[in-house]
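Close look at the chain arrangement
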Amino acid sequence: MAKPMFARRLSKELKDLAMNAPAGVNIIDANDFKVWKLGLAGAPGTLYDGEKFQLEFNFGPNYPLESPQVLFVGDNIPVHPHIYSNGHICLDVLYNHWSPVQTVASICLSLQSMLSSCTSKEPPPDNATYVKTARANPKHTAWAFHDDTV
């Protein structure tokens, strides 16, 4: 029996990541096609230089036609105007601007870019309210993408 499309795609992406991960990205745990944990290092010369973060990717059976759920997890969630203290990330390519040509590696690069362009480590202005009321899956949030300056 042939592997489903998402399993074939994730097999290829995992092989590519293992052989040629972007700088600052490492595989922590990717033993199945449901949940992967990756390490993401802050880029040199940025506010996050030397910091290490952990990302969790949750894949559904419709990946890559539908985006994965991506969260920062662990003890070190980046303090950033588009990252909530519960690990939810406000980044359009994870939601309404998702395209099946994107990959786990390209998401990591987008997140590194978002962190690298930040000029001030501060939480989102609505962090406290959002964290109290947010559902566990950030894909169930009606995000408003209005600020691409950080």
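The present account deals with the structure reproduced in this document. These numbers come from a predicted model, not from an experiment.

1. Here's the deal with the pairing of strand β2 (residues 35-41)
Buried residues dominate β2, accounting for five of its seven residues. Inspection of the sheet shows strand β1 (residues 25-29) paired to β2 by four bridges, in the antiparallel sense. Of the residues in β2, the one forming a bridge with Val25 is Leu40. Between the end of β1 and the start of β2, which pair antiparallel, lie five residues.

2. Some details on the nonpolar core
Ranked by internal contacts, the top residues of the largest apolar core, which has 35 residues, are Leu55, Phe57, Phe72, Ile89, Val104 and Leu111. For this core, the elements supplying multiple residues, two or more each, are α1 (5-20), β2, β3 (52-58), β4 (69-73) and α2 (104-116). Considering each element in turn, this core owes the most residues, six residues, to α2.

3. Some details on the pairing of β4
Of all five residues in β4, five are buried, a share of seventy percent or more. Burial along β4 is two-sided: the face carrying Gln69, Leu71 and Val73 and the face carrying Val70 and Phe72 are both buried. The sheet contact formed by β3 and β4 spans five bridges and is antiparallel. Note on β4: the bridge partner recorded for Gln54 is Val73.

4. Quick word on the packing of aromatic side chains
Aromatic rings considered in pairs are described by the distance between their centres and by the relative angle of their planes. In this structure the tally under the stated criterion is seven aromatic pairs. Aromatic side chains Trp36 and Phe59 sit 5.0 Å apart centroid to centroid with 70 degrees between the ring planes, which places their arrangement in the edge-to-face category. Taken together, the residues Trp36 in strand β2 and Phe59 in the loop between β3 and β4 connect sequence positions 23 residues apart. Both rings, one in Tyr48 and one in Phe53, keep their centres 6.0 Å apart while their planes meet at 70 degrees; by these two values the pair is edge-to-face. As far as the burial class goes, Tyr48 and Phe53 line up, both buried. An aromatic cluster is defined as three or more aromatic residues linked by ring pairs; in this entry it consists of Trp36, Phe57, Phe59, Tyr63 and Trp98.

5. A word on α1
For α1, with 16 residues, the first-to-last C-alpha span of 22 Å sits near the 22 Å given by 1.5 Å per residue. Along its buried surface, α1 packs onto β1, β2 and α2.

6. A short note on α2
When the terminal C-alpha atoms of α2 are compared, their 18 Å separation across 13 residues agrees well with the 18 Å that a helix rising 1.5 Å per residue should span. Looking at the buried positions of α2, the neighbouring elements they touch are α1, β1, β2, β3 and β4.

7. Description of the side chain of Arg9
Following the sequence through the fold, Arg9 ends up in helix α1. Residue classification places Arg9 among the buried positions, given a relative accessible area of 17%. Those residues within four positions of Arg9 in sequence are excluded, and the remaining contacts are Tyr63, Pro64, Pro100, Val101, Gln102 and Thr103.

8. Structural notes on the environment of Asp16
Its place among the elements puts Asp16 in helix α1. Looking at Asp16, the relative accessible area reads 37%, which means it is partly exposed. When the C-alpha positions of Asp16 and Asp49 are compared, they lie 25 Å apart, and in sequence the two are 33 residues distant.

The rules behind each value
Residue numbers restart at each chain and count upward from 1, following the sequence in its written direction. Only residues with pLDDT of at least 70 are given local features in this predicted model, and only at 80 or more are side-chain atom pairs given and counted; all residues enter the totals for whole chains, interfaces and linings. Only hydrogens and water are set aside; all other atoms, that is, all heavy atoms of the structure, feed into the side-chain values. Three labels apply to residues, based on accessible area from a 1.4 Å probe with only protein chains included: buried if under 20% of the type maximum, exposed if over 50%, partly exposed otherwise in between. Segments assigned H or I by DSSP are reported as helices when at least four residues long, segments assigned E as strands when at least two residues long, and all are numbered from the N terminus. Two strands make a pair as long as DSSP finds a minimum of two bridges between them. Buried Ala, Val, Leu, Ile, Met, Phe, Trp, Tyr and Cys residues that are joined via side-chain atoms within 4.5 Å together make up what is termed a nonpolar core. Aromatic pairs are defined between Phe, Tyr and Trp rings, using the six-membered ring for Trp, whenever the two ring centres lie within 6.5 Å; interplanar angles under 30 degrees are classed as stacked, those over 60 as edge-to-face, and all others as tilted. Multiplying one less than the number of residues by 1.5 Å gives the expected span of a helix. For this analysis, residues touch if any pair of their heavy atoms sits within 4.5 Å.

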